[in-house]
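Secondary and tertiary structure notes
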Amino acid sequence: MDGTSKLLDTIWTSLGGKADATRRVEFTAQGTLPSAFAVTDLAASSMAAAGLALDELRQAAGHGASRLTVDRRLASFWFSSSLRPLGWQVPPLWDPIAGNYAARDGWIRLHTNAPHHRAAAERVLGGHADRAGVAAAVAAWDTLELETAIVEAGGCAAQMRSAQEWARHPQGLAVAAEPLICMQAHAAAGHAQSAAAFDPARPLHGLKVLDLTRVLAGPTATRFLAAYGAQVLRVDPPTWDEPGVVPEMTLGKRCARLDLHKPRDRAVFEQLLAGADIMIHGYRSDALERLGYGAIWRRTRNPGLIDVSLDAYGWSGPWAARRGFDSLVQMSSGIAHAGMLWQRTDQPFALPVQALDYAAGYLLAAAAVRGVTMRLNGTGALQARASLARTAKLLLDRGTGQVQEVALVPESTQDLAAAIERTAWGQARRIHWPIALRDCPASWSHPASALGSAPAQWESQAR
């Protein structure tokens, strides 16, 4: 059994799936992304897990099992970007001062893409016009001292730790004790899914997904659900924006804005949640609780809700409520340090793609689809949780030394789907979808759109 299949077995059994189901999966295409870690294996296996969940749902609705094929090369591309603009450009992904900096005793990463996160860093380091000024300011600090100061100021930073240091850290210990995906079923009398109008070609058709996610992991999950028929409504705060990723991540969705501090918008949100089949959120572990929308409230308001959530640093331990992103978790958990040793460089060396985000996204999607199957079988409503840090452990447990034996064949025009996507910014094409499930093609009903471009209504109400 090759590395990709072994990783799929680990993921699928963590989702509660039957181990023998993975035998129906075929991985195609040779080559790997250049990394100390098995990133291409992770890409293909996490996407395969989401595909298996779809096939399991189709079986539960009375359709036979199908062979699932995942193209490892295309999966690697989708772990970077799928969008190829025609005559326009996606804005830069990173803020000008985001990145790695040398402090007195090691390296630290600053994440400043959001204006309020940059402002927090500047409250600690002072305002600087360029990276050179930031570098000079960081050089006067110890890494742990600076990490602590920026986090306490409401910002995002991560000291580079080795895997061994992370394994001894209180948060590393907490994450190691958590499951890859926490799956809990709750009684939901009268909320069983009906198979009466089930369409095996669009197995998620008719399901309403409330998307409260940002950046990459959660939006990856909801983009997958939209590909197979779900109606996805993304809801963002009034001023939030992420221009470097929105064209990539809003495919198949309608995007609205609500201010959950305002009574009128709270009432709209509560109606949306009451009508949702699935909610996926990427808020910090205590954020919705502080807004009055904790897990118990959500379950009371909508007993049949499939409730799926993502956290950066895990759901227990001293950092459970800490802000975090893929690049920061790579620094904290030892991935960037291991990459540095593998690359034989003196600077942090990250994964070639933001693999923790994307892999966690497909795990969330797989969990959500398994939740639909549970409702169809009458076994309750699912609450599922995953984290970037626990996904990092999945890679770390495989170890380093995944030497690139065969490089991926470079992208060509043959890798692009023929269809033209008329996004809010201009025309574009997408890389071919890596997952092939018989008589169940991926397709998206909406092109990528700007945040806040749609009303905060389910589509049937908006017509």
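The structure this text deals with has already been given above.
First, a word on scope: everything that follows refers to the structure included in this document. For every chain, the first residue of the written sequence is number 1, and numbering continues from 1 along that sequence. A pLDDT threshold of at least 70 governs which residues receive local features in this predicted model, and a stricter bar of 80 or more applies before side-chain atom pairs are shown or counted, although totals over entire chains, interfaces and linings include all residues. Values reported for side chains reflect all heavy atoms of the structure, with hydrogen atoms and water molecules removed beforehand.

**Comments concerning the pairing of strand β8 (residues 208-212)**
Consecutive side chains along a regular strand alternate between the two faces of the sheet. Summarising burial for β8: four of the five residues are buried, a large majority. Whether two strands pair comes down to DSSP finding at least two bridges between them. Put simply, DSSP H or I for four residues or longer makes a helix, DSSP E for two residues or longer makes a strand, and each gets a number counted from the N terminus. Inspection of the sheet shows β8 paired to strand β9 (residues 231-236) by four bridges, in the parallel sense. Paired with K208 across the strands is Q231, a residue of β9. In the classification by handedness, the crossover that spans β8, the intervening helix α9 (residues 217-227) and the parallel β9 is right-handed. With four bridges connecting them, β8 and strand β11 (residues 278-281) associate as parallel partners. Among the inter-strand pairings, L212 is bridged to a residue of β11, identified as H281. Three labels apply to residues, based on accessible area from a 1.4 Å probe with only protein chains included: buried if under 20% of the type maximum, exposed if over 50%, partly exposed otherwise in between. Place the viewer so that the strands point away; then a crossover is right-handed whenever the path from the first strand over the helix to the second strand goes clockwise.

**Considering the sheet that holds strand β5 (residues 107-110)**
Spatially, β4-β5-β6 is the arrangement adopted by the three strands of the open sheet, whose pairing is antiparallel. What marks the edges here is a single partner per strand, and that holds for β4 (99-102) and β6 (157-159). Each adjacent strand pair in this sheet contributes to an overall mean axis angle of 25°, direction not counted. Strand direction decides the pairing type here: β4 and β5, joined by four bridges, are antiparallel. Within the sheet, the bridge partner assigned to N100 lies in β5 and is R109. The sheet contacts of helix α6 (residues 143-152) involve β5 and β6, and relative to β6 the element is tilted by about 160°. Angular values range over 0 to 180 degrees, each being the angle between N-to-C directions of two axes fitted as lines to C-alpha atoms, with helices fitted over their stretch in contact. Whether two residues are in contact is decided by their heavy atoms: any pair within 4.5 Å suffices.

**With respect to the sheet that holds strand β16 (residues 435-437)**
Taken together, the three strands give an open sheet; going across it, the order is β1-β2-β16, and neighbouring strands pair in mixed fashion. The two strands at the open ends of the sheet, each matched to only one other strand, are β1 (25-28) and β16. Sheet twist, expressed as the mean angle between neighbouring strand axes with direction ignored, is 20°. In the sheet, strand β2 (residues 68-71) pairs with β16 via three bridges, with the strands oriented antiparallel. Within the sheet, the bridge partner assigned to L68 lies in β16 and is L437.

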